[in-house]
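Single-letter residue listing:
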Amino acid sequence: AFEDYEAFAKEHAREIIASVVIFLVVIGAVFGVRMLVDNLQATANTKLAAALDTYHAYVGTASSELAVPGTQTFATDQEKYKKALAEFQAVADVTGIEKLLPKVKAVRIARCYEGMCQAHLGQDAAAVKTLQESARDSDASIASLAKFALAGEYAKAGKTPEAIKTYQDLADHPTSTVPRSEALLALAGVYRASQPGQARAIYQRLEKEYSSDASLAEVLKQQISSLPQ
C-alpha cells in the first residue's frame, strides 16, 4: 500500500502541489478579506460615531453650567445638519474595493441618516430617494428608521395616504428604533388637522396600551387637550 501511495504521489506530484497551492491561496484570500472587512467596519464605526455626535449636537448658546468641554455646539439647525450630512456622506459613499464587498452596517446606517439630514435641510427630493433606498435594507432596525423618516416626508408633501400606510405598517411591526408607541403618535399627528376624531381614538388606544408609562401619559394628555374641536 505504501509503495502504491508513493508511486501515485510521484506520478501526480504536479497536481498535488497545485492543489495545495490553490488551497493555501484560497485560505489566505478568505482571511485577507475578513481582515479587510473588519478594518473597514472599525473605520466606518469611528466615523459614524463622530457624525452622530454632530447630528445630536446642541443648537444655540449653552449656559456655562451645561457646557461640556470638547462638545460641539451650533448656532443654527441648518449649520448642524449641513455638517452632519457631509460626515454621513463620507461614511456612506464607499469607493474602490469597498464597492465590491458587502456594505458594513455602519455604512448602511449612515445612508439612512444622510436621508434624514437631507430632509432637515429641505432637500426633499433627495431625501425621499435616499430614504427609499435605505427602507429596503435587510436590517429591520435600519429599514424602520428610514421608513419613519420617509413617512414624515410623505406627510410634508401632502401625500397623506402614503404617510398613514407607512406609519400603520411601522406600528404593526415595531422595532427597537421605531417602537409601536412612536409610530402611533406620528400616525395620530397626520390625522390631527383633518380628522381629529381619528387622532383622539389613537391617543386613547395608546393610553390603554401604555397605561404604566407616566411620561407617555403626560404627552398624550397634552396632545388630547390641544386637539381641534
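For the structure, check the block above.
It should be emphasised that the depicted structure is a prediction, and the values quoted were computed from it without experimental measurement. (Residues numbered from 1 in each chain as written. Predicted model: local features only at pLDDT ≥ 70, side-chain atom pairs only at ≥ 80, totals over all residues. Heavy atoms only, no water.)

## Examining the overall build of the chain
Then comes step 1: In terms of regular secondary structure, the chain is built from 10 helices and 2 strands.
Then comes step 2: The order of α-helices and β-strands along the chain, N terminus first, is α-α-β-β-α-α-α-α-α-α-α-α.
Then comes step 3: Evaluated residue by residue, the chain yields a buried proportion of 33% over its 229 residues.
Then comes step 4: Long-range pairs, those at least 24 residues apart, make up 51% of the contacts in the chain with a sequence separation of at least 6. (Helix = DSSP H or I, 4+ residues; strand = E, 2+ residues; numbered from the N terminus. Buried < 20%, exposed > 50% of the residue type's maximum accessible area, 1.4 Å probe, protein only. Contact = heavy atoms within 4.5 Å.)

## Observations regarding the nonpolar core
Then comes step 1: In this structure, Y55, F88, M116 and Y167 are the most contacted members of the largest nonpolar core, which totals 50 residues.
Then comes step 2: Listing elements by their share of this core, those giving two or more residues are α2 (13-55), α3 (77-92), α4 (105-120), α6 (140-156), α7 (160-172), α8 (180-191), α9 (196-209) and α10 (214-225).
Then comes step 3: With residues up to four places along the chain from it excluded, the contact list for F88 reads L48, A51, L52, Y55, A110, Y113, E114 and C117. (Core = buried A, V, L, I, M, F, W, Y, C linked by side-chain atoms within 4.5 Å.)

## So, the pattern of salt bridges
Then comes step 1: What the rule picks out here adds up to 8 salt bridges.
Then comes step 2: Where D93 meets R111, a salt bridge forms, and the shortest distance between an N and an O atom there is 3.2 Å. Pair noted here: D93 is in the loop between α3 and α4 and R111 is in helix α4, with a separation of 18 residues, a long-range link.
Then comes step 3: Several salt bridges converge on common partners, so that one network encompasses D93, R111, E114 and E133. (Salt bridge = Lys/Arg side-chain N within 4 Å of Asp/Glu carboxyl O.)

## Points about the packing of aromatic side chains
Then comes step 1: A full pass over the atoms with the stated rule returns 5 aromatic pairs.
Then comes step 2: Consider the rings of F88 and Y113, whose centres lie 5.3 Å apart with planes at 20 degrees: the pair is stacked. Of this pair, F88 sits in helix α3 while Y113 sits in helix α4, and the two are 25 residues apart along the sequence.
Then comes step 3: Residue F88 is classed as buried on the basis of its relative accessible area of 0%.
Then comes step 4: Residue class for Y113 comes out buried when judged on its relative accessible area of 13%.
Then comes step 5: Among the aromatic side chains, those forming a connected cluster through ring pairs are Y55, Y81, F88 and Y113. (Phe/Tyr/Trp six-rings, centres within 6.5 Å; stacked < 30°, edge-to-face > 60°.)

## A look at α10
Then comes step 1: Look at α10: 17 Å from first C-alpha to last across 12 residues, which is about the 16 Å you get at 1.5 Å a residue.
Then comes step 2: The set of residues buried in α10 consists of L216, L220 and I224. The arc enclosing the buried residues of α10, seen along the axis, measures out at 70 degrees, which places them on a common side. Exposed side chains of α10 directed beyond 90 degrees from the buried face belong to A214, S215, K221 and S225. (Expected span 1.5 Å × (residues − 1). Arc of directions from axis to C-beta.)

## Here we look at the packing of helix α5 (residues 124-134) against α6
Then comes step 1: α6 packs onto α5 with a crossing angle of 150 degrees between their chain directions and a minimal axis gap of 8 Å. Accordingly, the angle class assigned to the pair α5 and α6 is roughly antiparallel. Between α5 and α6 the crossing geometry is left-handed. Every residue of α6 that contacts α5 at D124, A127, V128, L131, Q132 and S134 is listed here: I142, A143, A146, A149, L150, E153, Y154 and K156. (Axes fitted to C-alpha atoms, helices over the stretch in contact; angles between N-to-C directions. Parallel < 35°, antiparallel > 145°, perpendicular 65-115°, else oblique. Left-handed = near helix turned anticlockwise from the far one by under 90°.)

## Remarks on the side chain of S181
Then comes step 1: One can find S181 in helix α8.
Then comes step 2: Apart from residues lying up to four places away in sequence, S181 is in contact with L206, Y210 and L216.

## Observations concerning the packing of α7 against α8
Then comes step 1: The geometry of α7 relative to α8 is characterised by a closest axis approach of 8 Å and an angle of 160 degrees between their N-to-C directions. Judged by the angle between their axes, α7 and α8 are roughly antiparallel. Crossing of α7 over α8 shows left-handed handedness. In contact with T160, A163, I164, Y167, Q168, L170, A171 and D172 of α7, α8 contributes R180, A183, L184, A186, L187, V190 and Y191.
Then comes step 2: Of the residues assigned to the contact of α7 with α8, the class counts are 11 nonpolar, 2 polar and 2 charged. (Nonpolar A, V, L, I, M, F, W, Y, C, P; charged D, E, K, R; others polar.)

## Section: the environment of L85
Then comes step 1: Positionally, L85 belongs in helix α3.
Then comes step 2: What makes L85 buried here is its relative accessible area of 8%.
Then comes step 3: When near neighbours in sequence (up to four residues on either side) are disregarded, L85 contacts E114, C117, Q118, L121 and Q123.

## Quick word on α5
Then comes step 1: Of the positions making up α5, those classed as buried are A127, T130, L131 and S134. Buried residues of α5, seen end-on, are gathered within an arc of 95 degrees and therefore sit on one face of the element. Turned more than 90 degrees away from the buried face of α5 sit A125 and K129, all of them exposed.

The values are spatial; any link to function lies outside them.
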